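Each chain, written out:
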Amino acid sequence: MAVQEDEKLFLVLNLLAEPDEQYSAQLIAAGYWDEKQNPTPQAVEFIRKFTDSKLDAVFQAVAKKGSYFKDKGYVLLAAGLKSTLSAEIILDELVKQEKLKKKNEHGYIVRCGKNH
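Residues numbered from 1 in each chain as written. Predicted model: local features only at pLDDT ≥ 70, side-chain atom pairs only at ≥ 80, totals over all residues. Heavy atoms only, no water.

## So, the overall build of the protein
Piece 1. Each helix and strand counted, the protein has 5 helices and 2 strands in total.
Piece 2. Oriented by its inertia axes, the alpha-carbon framework of the protein measures out at about 45 × 25 × 20 Å.
Piece 3. When burial is assessed residue by residue, the protein has 37% of its 116 residues classed as buried.
Piece 4. Summarising the internal contacts of the protein: among those between residues at least 6 apart in sequence, 46% fall at separations of at least 24.
Piece 5. For the protein, the exposed surface amounts to about 7,200 Å²; the carbon and sulfur share of it is 50%.
Piece 6. Here the protein carries 17 positive and 17 negative side-chain charges, and the mean point of each set is 11 Å from the other. (Helix = DSSP H or I, 4+ residues; strand = E, 2+ residues; numbered from the N terminus. Buried < 20%, exposed > 50% of the residue type's maximum accessible area, 1.4 Å probe, protein only. Contact = heavy atoms within 4.5 Å. Areas by Shrake-Rupley, 256 points an atom, 1.4 Å probe, with all protein chains shown as cover. Lys, Arg positive; Asp, Glu negative; His and termini not counted. Charge placed at Lys NZ, Arg CZ, Asp CG, Glu CD.)

## Overview of the environment of Ile28
Piece 1. Among the structural elements, Ile28 can be located in helix H2 (residues 21-29).
Piece 2. Look at Ile28 and you get partly exposed, because its relative accessible area is 27%.
Piece 3. With near-sequence residues (within four places) excluded, Ile28 lies in contact with Trp33, Asp34, Glu35 and Gln37.

## Concerning H2
Piece 1. Buried within H2 are the following residues: Tyr23, Ser24, Gln26 and Leu27. Down the axis of H2, the sector holding all buried residues measures 160°, keeping them to one side. Away from its buried face by more than 90 degrees, H2 exposes Glu21, Gln22 and Ala29.
Piece 2. Check the buried side of H2 and you find it contacts helix H1 (7-13).
Piece 3. Capping the start of H2 is the job of one residue whose side-chain oxygen sits 3.2 Å from the backbone nitrogen of Gln22: Asp20.
Piece 4. The first or second residue beyond H2 is Gly31, which carries a positive phi of 90°. (Arc of directions from axis to C-beta. Polar contact = N/O pair within 3.5 Å; in protein donor to acceptor, adjacent residues only side chain to side chain.)

## Topic: a positive patch on the surface
Piece 1. On the surface, Lys70, Lys101, Lys103 and Arg111 cluster together into a positively charged patch.
Piece 2. Residue position: Lys103 is located in the loop between strand S1 (100-102) and strand S2 (108-110).
Piece 3. Accessibility expressed as a relative area gives 60% for Lys103, which makes it exposed. (Patch = residues over 30% accessible without salt bridge, like charges linked within 9 Å, V, L, I, M, F, W, Y side chains within 5 Å. Salt bridge = Lys/Arg side-chain N within 4 Å of Asp/Glu carboxyl O.)

Fair warning: the whole summary comes from geometry, so function is off the table for now.
Put into structure tokens, the structure is as follows:
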């Protein structure tokens, strides 16, 4: 069975979800992990592509609501995400790109002067 490239895979490859033995074997067979369950270049590429595919939607949703903390559900829905863990990874990437600012523990806001 082929591994579906989705949010579940994103979470597992980011070590935020524990796969069962069968899924682990599938990840190794599909080339996402080596035999020691270390990510391969294929895994790194998938993580990058998944993150990049969600950046704009997450940014736009935060900009519309004014803050991630105000309406996490809206941000998840707008970006097509199911997990707040996935959103946090993408929000942190937007902080690294200086598009968002982390105001407190989970209060991401748009940085002044950034167009949305």
